[in-house]
Amino acid sequence: MPTNSRMPERRRRNKVETELLERAHRCLPSGVRNPTGSADYAMVVKEARGSRLWDTSGNEYIDYLLGSGPMLLGHAHPAVVTAVREHLERGSTYLMVNEPAIELAEEIVKAIPCAEKVCFHSSGSESTFFALRLARAYRGRDKILKFEGGFHGMSDYALMGNQWTQEPRDYPQAVANSAGIPHAVEGEVLVAPFNDIEATTAIIDRHHDELAAVIVEPMQRTIPPASGFLEALREITGHHGIVLIFDEIVTGFRLAYGGAQEYYGVVPDLCAVGKSLSGGHPISVLCGSKEIMTNVDPAHATAGSYVAQTGTFSGNPISSVAALATLETLREEGTYERLFAIGRRLKESLQDMLDEAGIPARVSGEPPAFEVWFGAREITDFRSTLSADSAMHARFIEALLDRGILKAHEKFFVSLAHTDEDVELTLEAFTSTIEELAHN
Ligand SMILES: Cc1ncc(COP(=O)(O)O)c(C=O)c1O
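Residues numbered from 1 in each chain as written. Predicted model: local features only at pLDDT ≥ 70, side-chain atom pairs only at ≥ 80, totals over all residues. Heavy atoms only, no water.

## Here's the deal with a negative patch on the surface
Residues E348, D352, D355 and E356 make up a contiguous surface patch of negative charge. Take D355: it is sitting in helix α11 (residues 335-356). (Patch = residues over 30% accessible without salt bridge, like charges linked within 9 Å, V, L, I, M, F, W, Y side chains within 5 Å. Areas by Shrake-Rupley, 256 points an atom, 1.4 Å probe, with all protein chains shown as cover. Salt bridge = Lys/Arg side-chain N within 4 Å of Asp/Glu carboxyl O. Lys, Arg positive; Asp, Glu negative; His and termini not counted. Charge placed at Lys NZ, Arg CZ, Asp CG, Glu CD. Helix = DSSP H or I, 4+ residues; strand = E, 2+ residues; numbered from the N terminus.)

Written out as structure tokens, the structure is:
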């Protein structure tokens, strides 16, 4: 192991950060969450503003992790900070409905094509969990279908056949992604291959009278839907009266103001939105058709289909004002053009540089969220990602960190705070990183 003095600059930890890391290791059971999983790169974040983040030793990074996506406007955006600061003195949470929450619900109904009614929660896991329960209650059926490699949060139903799956089973059998999930739940989840409408249709046709819902990330991780895939899914679920749920926790307000359903032009029955909605404040949304959403209202639920939805912090005014300030900023002229221009430049340049260096790799996704797969053939579904060289990917992430570029494990998240200078510096870091990878 290199001694501290021989380490690249950004891997050196000062005394304060070293002590903080030791304290974290002592009391946080999952250890220290760090960008690579390697102890060399463990860091304690000191602060973040705009597109930049600093560790406690004073190293500065251009941030493409963005808190796993939420910081679409960049860190500590002045409009969000002001809105939150102004509201703080009026109390943080009331359980009861308040004006900012009502205004936010109205704005979501305007923004998201499927949204006629809205429920607030505090995390993506909660909203996808309630979406599935609501669909089961509405249909009076128990099973759900999800796509292999799709991530829908941490509930027992969601943690099946996701991107962490080591040994996939034959479709449609689910594999639990965590210990502690009752085996019975595996039997309630069917798994289909993303972007393969024939295989998916065959599974749905065989199980349609048991299926309450199909849940899908419209762009699965960073795999865009094949032409016609979402349309066909809409058609077959509609045909069998199965609820179609879009998990737009990542794509909501990121691919377009109306999310992936606006961007790809396919409207689901229910949708979960979170992350980019609220400038880094904990809130998520389940929204959808009046007919289904009405079942959370005891006065209007049909017999036996009432689903209680409550959460202590749901619809709190602080997250709501943060979201309203975020959405107001996103509605400004040219926002999405700018976001896509920044992302396109990074995504396309990365692919071009890898091609020129003769490193076989695919950059998948859409400009606001994309990923590189080393050595992989065309990326169309989870199984095509299994051929990617994960060791090379780890070296890529570490080499970028050494150059002050922080990316998420699974994605580059692009923000509106990334400047031309950030993009230039990132492209320089790509160039020297790729040279290093090509020669080692
Ligand atoms: C598509 C998707 N759904 C759900 C979730 C869970 O959201 P949260 O971490 O807010 O619970 C995530 C989190 O990354 C996600 O990417």
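Back to the text.
## Concerning the side chain of T251
Mapped onto the elements of the fold, T251 is located in the loop between β8 (243-248) and α8 (259-264). By relative accessible area, T251 is classed as buried at 2%. Side-chain polar atoms of T251 contact the side chain of E248, separated by 2.7 Å. Look past the residues within four positions of T251 in its chain and what remains in contact with it is P218, M219, G259 and A260. (Buried < 20%, exposed > 50% of the residue type's maximum accessible area, 1.4 Å probe, protein only. Polar contact = N/O pair within 3.5 Å; in protein donor to acceptor, adjacent residues only side chain to side chain. Contact = heavy atoms within 4.5 Å.)

## Here we look at the sheet that holds strand β9 (residues 270-273)
In spatial order, the strands read β4-β10-β9-β8-β7-β5-β6; together these seven strands make up an open sheet with mixed pairing. Single-partner strands in this sheet number two, and they are β4 (117-121) and β6 (189-192). Going across the sheet, the axis of each strand differs from the next one's by a mean of 20°, ignoring polarity. Inspection of the sheet shows β8 paired to β9 by four bridges, in the parallel sense. Looking across to β9, one finds that D247 is bridged to A272. (Pairing = 2+ DSSP bridges. Axes fitted to C-alpha atoms, helices over the stretch in contact; angles between N-to-C directions.)

## Quick look at the domain arrangement of the protein chain
For the protein chain, the assigned domains are domain 1 (4-64 + 334-439) and domain 2 (78-330). A separation of 28 Å is found between the C-alpha centroids of domain 1 and domain 2. Across the boundary between the two partners, domain 1 contributes 24 residues, which contact 26 residues of domain 2. Here domain 1 and domain 2 share an interface that buries about 2,000 Å² over both sides, 57% of which is from carbon and sulfur atoms. (Domains from an automatic or database assignment. Buried area = accessible area lost by both parts, 1.4 Å probe.)

## What to know about the packing of α11 against helix α14 (residues 420-439)
Where α11 meets α14, the axes come as close as 10 Å, and the angle between the chain directions of the two elements is 15°. The angle between the axes of α11 and α14 places the two elements in the roughly parallel class. Along this stretch, α11 crosses α14, giving a crossing that reads as right-handed. Of the residues in α14, those in contact with I342, R345, L346, S349, L350, M353 and L354 of α11 are V423, E424, T426, L427, F430, T431 and I434. (Parallel < 35°, antiparallel > 145°, perpendicular 65-115°, else oblique. Left-handed = near helix turned anticlockwise from the far one by under 90°.)

## Structural notes on the site of the ligand
Around the ligand sit S123, G124, S125, F151, H152, G153, E217, R221, D247, I249, V250 and K275, and those are all the residues in its vicinity. R221 places a polar side-chain atom, nitrogen or oxygen, 2.8 Å from an oxygen atom of the ligand. A distance of 2.8 Å separates an oxygen atom of the ligand from a polar atom in the side chain of K275. Look at the ligand: alone it shows 390 Å² of surface, and the protein chains cover 80% of it. Per-class residue counts for the shell around the ligand are three nonpolar, five polar and four charged. (Near = heavy atom within 4 Å. Nonpolar A, V, L, I, M, F, W, Y, C, P; charged D, E, K, R; others polar.)

## Quick word on the environment of A369
Mapping A369 onto the fold places it in strand β12 (residues 369-374). For A369, a relative accessible area of 1% corresponds to the buried category. Considering only alpha carbons, one finds A369 and T251, 118 residues apart in sequence, at a separation of 8.6 Å. Every residue in contact with A369, bar those within four places of it in the chain, is listed here: M219, T222, R254, S364, K411, F412 and F413.

## What to know about the packing of aromatic side chains
When we look at a pair of aromatic rings, we describe it by the centre distance and by the angle of the planes. Under the criterion given, the structure shown has 14 aromatic pairs. Centre to centre, the rings of F253 and Y257 are 5.2 Å apart; their planes meet at 75°, and the pair counts as edge-to-face. For F253, a relative accessible area of 1% puts it in the buried group. In this structure an aromatic cluster arises from ring pairing among Y64, F370, F374, F396, F412 and F430. Seen from the ring of Y157, R136 lies directly overhead, with NZ or CZ sitting 4.1 Å from the centre. A cation over a ring is seen here: K407 above F412, with NZ or CZ 5.1 Å from the ring centre. (Phe/Tyr/Trp six-rings, centres within 6.5 Å; stacked < 30°, edge-to-face > 60°. Lys NZ or Arg CZ within 6 Å of the ring centre and 35° of its normal.)

## Things to note about the pairing of β6
Residues V189 and V191 point to one face of β6 and L190 and A192 to the other, with burial holding for every one of them. The pairing of strand β5 (residues 143-147) with β6 spans four bridges and is parallel. Residue L145 lies in a different strand from β6, and its bridge partner there is L190.

## Observations concerning the environment of N98
In this fold, N98 is placed in the loop between α2 (78-88) and α3 (99-111). You can call N98 buried: its relative accessible area is 8%. Separated by 222 residues in the primary sequence, N98 and S320 place their C-alpha atoms 9.4 Å from one another. Setting aside anything within four residues of it in sequence, one finds N98 in contact with G315, N316 and P317. Side-chain polar atoms of N98 contact the backbone oxygen of G315, separated by 3.0 Å.

## Section: the side chain of E371
Considering the arrangement of structural elements, one finds E371 in strand β12. Of the polar contacts made by the side chain of E371, one reaches the side chain of H393; its length is 3.2 Å. Of the polar contacts made by the side chain of E371, one reaches the backbone nitrogen of K411; its length is 3.4 Å. Discounting residues that sit within four places of it in the chain, E371 has contacts with T222, R362, V363, S364, H393, K407, H409, E410 and K411.

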